Amino acid sequence: MVTVLDYGAGNVRSVVNAIRSLGRDVRFVERPEDILQAERLVFPGVGAFGEMMRVLRHRGYVEPLVAYLNADRPFLGICLGLQALFQGSEEAPGEDGLGFLPGIVRRFRVDLAVPHIGWNGFRARKPSGLFHGLEGNERVYFVHSYYVDPEDPSVVLAVTDYSVAFVSAVQQGRVAAVQFHPEKSGPVGLKILENFLDGKAAPVLPPVVEPKTEPAKRIIACLDVRANDQGDLVVTKGDRYDVREQGHVRNLGKPVDLARRYYEEGADEITFLNITGFRDFPLKDLPMLEVLRRTSEKVFVPLTIGGGIRDYTDKDGTRYGALQVASEYFRSGADKVSIGSDAVAIVEEVLKAGGPTGRSAIEEISRVYGSQAVVVSIDPRRVYAASPGAVPHPVIETDTPGPNGERFCWYQCTVKGGREGRDVDAVTLARVCEDLGAGEILLNCIDRDGTNLGFDLELIRAVREAVTIPVIASSGAGCADHFLEVFTKTRAEAALAAGIFHRREVGIGEVKAFLHGKVPVRWIA
Ligand code: 1PR
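Residues numbered from 1 in each chain as written. Predicted model: local features only at pLDDT ≥ 70, side-chain atom pairs only at ≥ 80, totals over all residues. Heavy atoms only, no water.

Caption draft 1: Structural detail: the domain arrangement of the protein. As assigned here, the protein comprises domain 1 (2–198) and domain 2 (218–377 + 439–515). Between the C-alpha centres of domain 1 and domain 2 there is a distance of 28 Å. Contacts between the two partners involve 28 residues from domain 1 and, on the opposite side, 33 residues from domain 2. Here domain 1 meets domain 2 over a buried area of about 2100 Å², counting both sides, of which 56% is carbon and sulfur. Area buried by domain 1 at its contact with domain 2 is led by Arg13, Ile117 and Lys184, which between them contribute 26% of it. Run the count over domain 1 and domain 2 and you get 1 salt bridge. The closest approach of N and O atoms between Lys184 and Asp335, which form a salt bridge, is 2.9 Å. Viewed at the interface, domain 2 and domain 1 are joined by 9 residue pairs in polar contact (both at pLDDT 80 or more). Those elements that place two or more of their residues in the side of domain 1 that touches domain 2 are helix 1 (12–21), strand 7 (116–120), strand 9 (140–144) and helix 6 (186–198). (Domains from an automatic or database assignment. Contact = heavy atoms within 4.5 Å. Buried area = accessible area lost by both parts, 1.4 Å probe. Salt bridge = Lys/Arg side-chain N within 4 Å of Asp/Glu carboxyl O. Polar contact = N/O pair within 3.5 Å; in protein donor to acceptor, adjacent residues only side chain to side chain. Helix = DSSP H or I, 4+ residues; strand = E, 2+ residues; numbered from the N terminus.)

Here it is, written out as structure tokens:
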């Protein structure tokens, strides 16, 4: 029996699913006394340090947690569950941590994108039972902007390189904690979790020690989902956002089955986009929630859900805030939510008002769940301009001139799945969303979507240079070489594709085999 500390924020479902997939029973901490009664305690944390500590204090969990840790009982902290062990965090000055280990939590100040999102390695510093069966060169999934800085070097279990070498795992006696997410790290993560749950393994040092770890470029499979004309939820795929063929919605398979297939083929993440999310829907029986619940039982890599993350009023007049909608998705197994149309409305308002309101969906969700949980999905369309002064938007000089020989263009943001163009450009949108607290940009391109012509490198370069958060390049992948191109000619951290994977034209394994040795990828042999 494993006890899981669910403090209300964060995505506990994934951890529980991973533990259950290993054949263990889970019970939750419901009262403070459940903590000291635990045989084996897992503390998964996602979100913001200050909010987490406030909830722990409010529920009376701090004292029993510290007593549990001081008694050297089996404990595994994950992500924020690692950071909580320390005295405090730069993320929430003045807010005390559990103080079990001396030291504080610091923010990354590096020349790479922050948050550090994706698959990276770890270098073991001392033997541990957690390392059984590992070779030492595995990659695991990280998503964080802060890292722990212990005062006592003897507690350091592993370090990871992300411009700086940071502590990615600690262990003192039977108390261990990791910055990465074992529950989202595929078979490797499940092995680490199993080692903790077994608790019997003698400490080992994995044999291979890489001189330095390197973040991998991520390959993401995207599933555009909507109801077809018969009312069944299907994965569809557009051609420049038109998903109909001879009047019918294209049907490329079932969402849960396809997600499972891509996980097994080595996808680093799966993204579901509810492409008709701009329509009104009943929150409680939203079919995408069930898709997420079922997917997260079998798929142990990060899941993003987009479409319909916004404030809205239900048919019966009940009003829901975007934060409530997002919370429902997180509880159902999502690790990140992606905001499309609403992000454009938010940015329009910010630009009009001359500053943030503090109440937008991006600000609210990132405050509670952390910026790493908020992706902004942009659906831009290229608009040509004869000269830089011809339009009231920042333009780029393009190598692909327009129909009338125009040498400049800007990228107009659209809403409602490309149905409506707005007076905001993609670069400004990305920049403002970063300021508001978005943790990642999913950069689509209507002109390239479904064309197999390759990514729009000019667009990706312009947006990536304007922000410091990771950018996912999307739309147009037609062959493995297009992925190499986007990773070598732009600074995109990840590339997403749909059509070529759905139609089995190129497999995810094939893309990775092609990239292997040229750019860092999570390699599944
Ligand atoms: O506006 O917050 O409700 O979110 C709606 C979401 O649905 C947005 O993220 C938007 O991008 C997406 N969406 C809306 N309509 C469509 C459509 O296709 N008609 N799909 C749509 C966007 C783009 C990518 C696609 C890549 C790769 N699809 O997701 O998967 O372009 O395709 P490819 O590799 O085949 O070229 P909101």
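Now that the structure has been shown, we can carry on.
Caption draft 2: Looking closely at helix 12 (residues 426–436). Burial within helix 12 is extensive, with 9 of its 11 residues counted as buried. Within the span of helix 12, buried status applies to Ala426, Val427, Thr428, Leu429, Ala430, Val432, Cys433, Glu434 and Leu436. In the segment just after helix 12, Gly437 is the residue with positive phi, at about 120°. (Buried < 20%, exposed > 50% of the residue type's maximum accessible area, 1.4 Å probe, protein only.)

Caption draft 3: Main features of the pairing of strand 13 (residues 175–178). Residue alternation in strand 13 divides its side chains into two sets, Val175 and Ala177 and Ala176 and Val178, and both sets are buried. Relative to strand 13, strand 4 (residues 75–79) is paired through 4 bridges, and the arrangement is parallel. Bridge pairing links Phe75 to Val175 in strand 13. In the sheet, strand 12 (residues 164–172) pairs with strand 13 via 4 bridges, with the strands oriented antiparallel. Bridging from a neighbouring strand, Gln172 pairs with Val175 of strand 13. Between strand 12 and strand 13, which pair antiparallel in sequence order, lie 2 residues; one of them, Gly173, sits at a positive phi of approximately 60°. (Pairing = 2+ DSSP bridges.)

Caption draft 4: Quick look at the site of the ligand. Contacts to the ligand come from 25 residues, most closely from Lys237, Ser341, Ser377, Asp379 and Asp449. Interatomic distance of 2.9 Å between a backbone N/O atom of Gly340 and an oxygen atom of the ligand. Within the backbone of Ala498, a nitrogen or oxygen atom sits 2.9 Å from an oxygen atom of the ligand. For the ligand, the accessible surface in isolation is 770 Å², of which the surrounding protein chains cover 98%. At the level of elements, strand 14 (218–227) and strand 30 (494–497) are the ones that each hand at least two residues to the shell around the ligand. (Near = heavy atom within 4 Å. Areas by Shrake-Rupley, 256 points an atom, 1.4 Å probe, with all protein chains shown as cover.)

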